[in-house]
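# Overview (structure and organization)
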Amino acid sequence: QVQLVESGGGLVQAGGSLRLSCAASKNIFSTNVMGWYRQAPGKQREFVARISSGGITNYADALKGRFTISRDNAKNTVYLQMNSLKPEDTAVYYCNAGRLFYGPPDYWGQGTQVTVSA
């Protein structure tokens, strides 16, 4: 059974930090690219970051330097460290997993809300 369970969202002031976690079932974590997308109110879902099973990372250009993706293979967990948060980072953040590094994700979590106040 495929499971992706996000946690760590919440309310934070602008300039603050949050770390999101996504616990994945072992059957998808070990061989899949893991990543994060986000969807702000009234906007389309957009790519945030991805990390391969070997640790290669890729970020949305606008988020480089503020967001860091990592994975703990022993815990089947992927993380998204978000620093210097801005109100425009407010969105639902979705964990995902896929077979191809630049391909569309195959599996999605339910999402976790991140709200950044001014």
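Residues numbered from 1 in each chain as written. Predicted model: local features only at pLDDT ≥ 70, side-chain atom pairs only at ≥ 80, totals over all residues. Heavy atoms only, no water.

### Some points on the state of the cysteines
By the definition in use, this model includes 1 disulfide. Across a sulfur-sulfur distance of 2.0 Å, Cys 22 and Cys 95 are joined as a disulfide pair. Since a negative S-S torsion denotes a left-handed disulfide, the Cys 22-Cys 95 link at about -80° is left-handed. Of this pair, Cys 22 sits in strand S3 (residues 18–24) while Cys 95 sits in strand S9 (residues 91–98), and the two are 73 residues apart along the sequence. Per residue, the accessibility class of Cys 22 equals that of Cys 95, and both read buried. (Disulfide = S-S within 2.5 Å. Helix = DSSP H or I, 4+ residues; strand = E, 2+ residues; numbered from the N terminus. Buried < 20%, exposed > 50% of the residue type's maximum accessible area, 1.4 Å probe, protein only.)

### Observations regarding the environment of Gly 98
For Gly 98, the position within the fold is in strand S9. Sequence separation between Gly 98 and Met 34 is 64 residues; the distance between their C-alpha atoms is 6.6 Å.

### Things to note about the environment of Trp 108
Among the secondary structure elements, Trp 108 is positioned in strand S10 (residues 107–108). Note on Trp 108: relative accessible area 35%, which makes it partly exposed. With residues up to four places along the chain from it excluded, the contact list for Trp 108 reads Leu 4, Tyr 37, Arg 45, Tyr 94, Cys 95 and Asn 96. (Contact = heavy atoms within 4.5 Å.)

### Quick look at the pattern of salt bridges
Across all of its chains, the model carries 5 salt bridges by this definition. For the salt bridge of Asp 89 with Arg 38, the shortest nitrogen-to-oxygen distance reads 2.9 Å. A residue pair is termed long-range when its members are at least 10 positions apart, and Asp 89 in the loop between strand S8 (77–82) and S9 and Arg 38 in strand S4 (residues 33–39) qualify at 51 residues. Overall, Asp 89 belongs to the buried group, its relative accessible area being 1%. Salt-bridge contacts for Asp 106 lead to Arg 99; the nearest nitrogen and oxygen are separated by 3.0 Å. Residue Asp 106 is classed as partly exposed on the basis of its relative accessible area of 32%. Residues joined in a network through salt bridges with shared partners are Arg 38, Glu 46, Arg 66 and Asp 89. (Salt bridge = Lys/Arg side-chain N within 4 Å of Asp/Glu carboxyl O.)

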